[in-house]
Amino acid sequence: MTKSSNAMWGGRFSAGPDAIMEAINASIGFDKRMAAQDIAGSRAHAAMLAAQGIINPKDAEAIGEGLLTVLSEIEAGTFPFRTDLEDIHMNVEARLTEIIGEPAGRLHTARSRNDQVAVDFRLWVRDQCDAADGALAALMAALLGQAEAGADWVMPGFTHLQVAQPVTWGHHMMAYVEMFARDRARFADARARMNLSPLGSAALAGTSFPIDRDATAAALGFDGPMHNSLDAVADRDFALEFLATSSICAMHLSRIAEELVIWSSAQFRFVKMSDKWSTGSSIMPQKRNPDAAELIRAKIGRIFGANVALMTVMKGLPLTYSKDMQEDKEQVFDAADHLMLALAAMTGMVGDMTANRDSLRAAAATGFSTATDLADWLVRELGLPFREAHHVTGTLVAKAEAANFDLPDLSLEVMQSVHEGIRQDVYDVLGVENSVASRVSYGGTAPAQVRAQVARWKEVLS
């Protein structure tokens, strides 16, 4: 190849198309993260081959011990990863051959890289489901701590980011406990569905060797083998389900991150973030920026993007394996990393933040937040149809707004000018504390209900 024709490949690939092919074909730069899973799968496979009389028990023992040596080198950071060997599977097998010699060549009997990578990836994603479950439990515990401390602290509840009705700080925190609990359930559901082993499906059609797929499945903690060899090597729906579940969880993280950004502003002053999770300004010394919350809110886009990217990779692939599927892992690895980072950061922020009880209470008493309580009183005490009570209340809100008052500040005389049946005891329902205390329906914001839910969830988490 002449110098001029070489230039088309760019400076990085001056060696020509061979270098391009090696770069696009190799996955060792990222799939080495599955080394532990790859070695676990290989050890289970070798033990099964020996038990079935397919390879010599001494060879299987040498393979098992040699693989442990390879794993120790990888964990110590001394393993010589080679790009020319493409992936983690070939790198491990090549090093195993250097360590134990000829018996290493028997390891790949009755399997293919197709079922090998499928089992490695399932094991890795399964581990991430377990990690996410633990991280979510820790976040829920932090939220429970906030909810228990502020079970009767009054704050405004919002719709459209406008003051709607008074709620309690504890009730607001418990809403996120419920959301993250469902995320835990989704990870558990996904884990259960992916917990079948592809190992033994070989390239796509199974194998003629008398293997025991139940044995390898049990050795790797699977519930059993997958039932169709084509499906086992061809699909990545387990990874997609992990990404979809991660995306829903990430959305919940982004929502609470957004609230922390708003609540910590000078305009709200609902919470104070600790110095651990805030930064200052290079020019404005008064600033305390909620950078951790903002970064969580931004990182969520990477998780959403990974979900869409893998869907796009898989959508047009005929059965069974295509090299396109090498692009499945980086997206999942990146999403898992950022989900775990976001969960850890949110747990730290929630655990350290301080709610400003006075600011919460003052905000709850604005915006005519007890208007619904007034309407309910008119229905309950005077027997008005709700639509009429709604109209009376709206008229009183307009009078209060015109006078720059809140509802409890209106005189009884003014109230009776709108409806003569209104009595002095109406003021009992217009205080925000009385309002939240009255919401005693199951799942409501009354402090007693909040404390009951806190106790229930503490028992679940314990």
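**Here we look at the packing of aromatic side chains**
In this structure the tally under the stated criterion is 10 aromatic pairs. Relative to phenylalanine 268, the ring of phenylalanine 158 has its centre 6.3 Å away and its plane inclined at 50°; by these criteria the two rings are tilted. Within this pair, whereas phenylalanine 158 is found in strand β1 (residues 154-159), its partner phenylalanine 268 is found in the loop between α11 (237-263) and β3 (271-272), the two being separated by 110 residues in sequence. A relative accessible area of 25% places phenylalanine 158 in the partly exposed class. An angle of 45° between the planes, with centres 6.3 Å apart, marks the rings of tryptophan 263 and phenylalanine 270 as tilted. The exposure classification of tryptophan 263 matches that of phenylalanine 270, with both residues buried. Put simply, the rings of Phe158, Trp169, Trp263, Phe268 and Phe270 touch in pairs and so form one group of aromatic residues. Sitting above the plane of the phenylalanine 222 ring, arginine 126 keeps its charged end 4.9 Å from the centroid. Here the guanidinium or amino end of lysine 329 rests over the ring plane of phenylalanine 121, the centre of that ring lying 5.5 Å away.

**Comments concerning the pairing of β1**
Bridge count between β1 and strand β2 (residues 162-168): five bridges; the pairing is antiparallel. Bridged to phenylalanine 158 within β2 is valine 163. Following β1, the chain reverses through two residues before pairing antiparallel with β2; histidine 160 in that reversal takes a positive phi of roughly 60°.

**Details of helix α19 (residues 447-461)**
Residues lying three or four places apart along an α-helix face the same way, a consequence of the helix completing one turn every 3.6 residues. Taking 1.5 Å as the rise per residue, α19 with 15 residues should run 21 Å; its terminal C-alpha atoms sit 21 Å apart, in good agreement. For α19, every residue scored as buried is listed here: Pro447, Gln449, Val450, Gln453, Val454 and Trp457. Across the axial projection of α19, the buried residues extend over an arc of 155°, all falling on one side. Those residues of α19 that are exposed and angled more than 90 degrees off the buried face are Ala448 and Glu459. Tucked inside the fold, the buried residues of α19 contact α7 (113-149), β2, α8 (169-194) and α18 (432-438).

Rules of the game
Residues numbered from 1 in each chain as written. Predicted model: local features only at pLDDT ≥ 70, side-chain atom pairs only at ≥ 80, totals over all residues. Heavy atoms only, no water. Phe/Tyr/Trp six-rings, centres within 6.5 Å; stacked < 30°, edge-to-face > 60°. Helix = DSSP H or I, 4+ residues; strand = E, 2+ residues; numbered from the N terminus. Buried < 20%, exposed > 50% of the residue type's maximum accessible area, 1.4 Å probe, protein only. Lys NZ or Arg CZ within 6 Å of the ring centre and 35° of its normal. Pairing = 2+ DSSP bridges. Expected span 1.5 Å × (residues − 1). Arc of directions from axis to C-beta. Contact = heavy atoms within 4.5 Å.

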